Amino acid sequence: MSDWVVPEPHAVIDVTVDDDVMLSVRRHGNLASRCRVLLGHGCGLAADAYLPFWSQLAIRYEIIAYDMRSHGYSSLGPLETLNVPTLVRDSQSVFRTAQSAFGEKPTVGVHHSLASVVALHHAAQEPDFAALVLFDPPVRPTDGAPDDIEAIGQFMARAASQRRERFDHPHQLAESLARNPAFQLVPPTTLELFARSTLVEDAEGWRLRCPPEHETALSQWTFGFTMQLPGIIGRLPIPVKVIGGDPTVPFSFLPTVDMSELITVGYDFVPDLTHFLQVEDPEITATLTIDFLESQGLGS
């Protein structure tokens, strides 16, 4: 596709949660599907940025795309609320709202990075999801130590704190992302989509929807909660599929906790792809998602 255009949603709901924060929830996809997909995005990003991936799921499934607080179309949350427990409560509120507003359906969580951590804690607290598909969370079979988790968390927090906040035009951000080694496999048209999805226009130009200090706060707290995941993922009474980037190439999550049980729960990686694998190769990652869901009796 020469240019990605997010389709008009079937419905939009603004969900107000604690601290009067508004979460933007959009309904897309195949409304006749008997299965619903709840999408979660990475830190500093937005659900619309993953359109190349979820547009393929939308042919078969109903899609609920929502932005976490301080991201995308959702409103900013107070800095002190930017932590995993708050995001888990937000996720539960979005889930309940979608079931109430659109009718109850088996719902699958399809999440990336930070949202994967949130989804696992959500699933541990509430039996909401029929299954989870998690893309490159900070968990995989490895000998990673707690010090590694702390180091990568602090590194990402420092990087976020130094992020440029204002741009003259979205194309300026897209050009900046193109020079970032972490985005080298993302097509230029998708980088333009990333820029449009993560910037908002104001009287002075364009600014990040997720301010650097908000992304920094989340980065500082997220990785500590991965330490609890070994006690969660193996106990979940639902199918879980973890799909990672290639662990032999840069910019996949390598430092992490020991998650050897993922071998039996369901772990796979896509050769030659990295942390942003859903938009680096949306066709193969969408196919892997659909194949897994159908294998669990969760077809369209």
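Fair warning: this is a prediction, and the values are worked out from it, not measured in the lab.

Draft legend 1. A look at the overall build of the protein chain. Of the regular secondary structure elements, the protein chain holds 11 helices and 13 strands. Evaluated residue by residue, the protein chain yields a buried proportion of 56% over its 300 residues. Pairs at least 24 apart in sequence give 77% of the contacts found in the protein chain among residues at least 6 apart. Carbon and sulfur atoms make up 53% of the accessible area of the protein chain, which amounts to about 12300 Å² in all.

Draft legend 2. Summary view of unusual backbone geometry. Phi at Asp 20 is positive, roughly 60°, even though this residue is not glycine. Topologically, Asp 20 is positioned in the loop between strand S1 (11-16) and strand S2 (22-29). Residue class for Asp 20 comes out exposed when judged on its relative accessible area of 69%. Within the chain, Asp 272 stands out as a residue other than glycine whose phi angle is a positive 75°.

Draft legend 3. Fine view of the pairing of S1. In the sheet, S1 pairs with S2 via 6 bridges, with the strands oriented antiparallel. By the bridge assignment, Val 12 is partnered in S2 with Arg 26. Between the antiparallel neighbours S1 and S2 lie 5 residues, among them Asp 19 with a positive phi of about 65°.

Draft legend 4. Structural detail: the state of the cysteines. Under the counting rule described, the total for this entry stands at 0 disulfides. Cys 43 carries a free sulfur, and the closest cysteine sulfur to it, the one in Cys 210, is 5.8 Å from it.

Draft legend 5. Representation of the confidence of the model for the protein chain within the structure. When the pLDDT values of the protein chain are averaged, the result is 87; 82% of them are 70 or greater. Scored below 50 in pLDDT, residues 140-147 makes 23 contacts in the model with residues more than four places away or belonging to other chains.

Draft legend 6. Structural view of the packing of aromatic side chains. This structure, assessed with the given rule, holds 6 aromatic pairs. For the ring pair Tyr 50 and Phe 194, a centre distance of 6.5 Å and an interplane angle of 40° mean the geometry is tilted. Remark: Phe 194 occurs in helix H6 (residues 188-198) and Tyr 50 occurs in the loop between strand S3 (36-40) and helix H1 (51-57); sequence separation between them is 144 residues. Here Tyr 50 and Phe 194 have matching classes, each one buried. Aromatic pair Phe 194 and Phe 276: ring centres 6.2 Å apart, planes at 80°, arrangement edge-to-face. Of this pair, Phe 194 sits in helix H6 while Phe 276 sits in the loop between strand S13 (267-270) and helix H10 (277-280), and the two are 82 residues apart along the sequence.

Draft legend 7. Molecular detail of the side chain of Ser 33. Within the secondary structure layout, Ser 33 lies in the loop between S2 and S3. Among the polar contacts made by the side chain of Ser 33, one reaches the main-chain carbonyl oxygen of Arg 60 at a distance of 3.2 Å. Those residues in contact with Ser 33, other than ones at most four positions away along the chain, are Arg 60, Tyr 61, Glu 62, Lys 105 and Ser 300.

Draft legend 8. Structural view of the packing of helix H2 (residues 84-102) against helix H3 (residues 114-125). Axis separation between H2 and H3 bottoms out at 9 Å; the angle between their running directions is 70°. With respect to their mutual orientation, H2 and H3 come out roughly perpendicular. In this structure, H2 meets H3 at a crossing whose hand is right-handed. Along the contact surface, H2 presents Val 84, Leu 87, Val 88, Ser 91, Gln 92 and Phe 95, while H3 presents Leu 114, Val 117, Val 118, His 121, His 122 and Gln 125.

What counts, and at which threshold
Residues numbered from 1 in each chain as written. Predicted model: local features only at pLDDT ≥ 70, side-chain atom pairs only at ≥ 80, totals over all residues. Heavy atoms only, no water. Helix = DSSP H or I, 4+ residues; strand = E, 2+ residues; numbered from the N terminus. Buried < 20%, exposed > 50% of the residue type's maximum accessible area, 1.4 Å probe, protein only. Contact = heavy atoms within 4.5 Å. Areas by Shrake-Rupley, 256 points an atom, 1.4 Å probe, with all protein chains shown as cover. Pairing = 2+ DSSP bridges. Disulfide = S-S within 2.5 Å. pLDDT = per-residue confidence, 0-100. Phe/Tyr/Trp six-rings, centres within 6.5 Å; stacked < 30°, edge-to-face > 60°. Polar contact = N/O pair within 3.5 Å; in protein donor to acceptor, adjacent residues only side chain to side chain. Axes fitted to C-alpha atoms, helices over the stretch in contact; angles between N-to-C directions. Parallel < 35°, antiparallel > 145°, perpendicular 65-115°, else oblique. Left-handed = near helix turned anticlockwise from the far one by under 90°.

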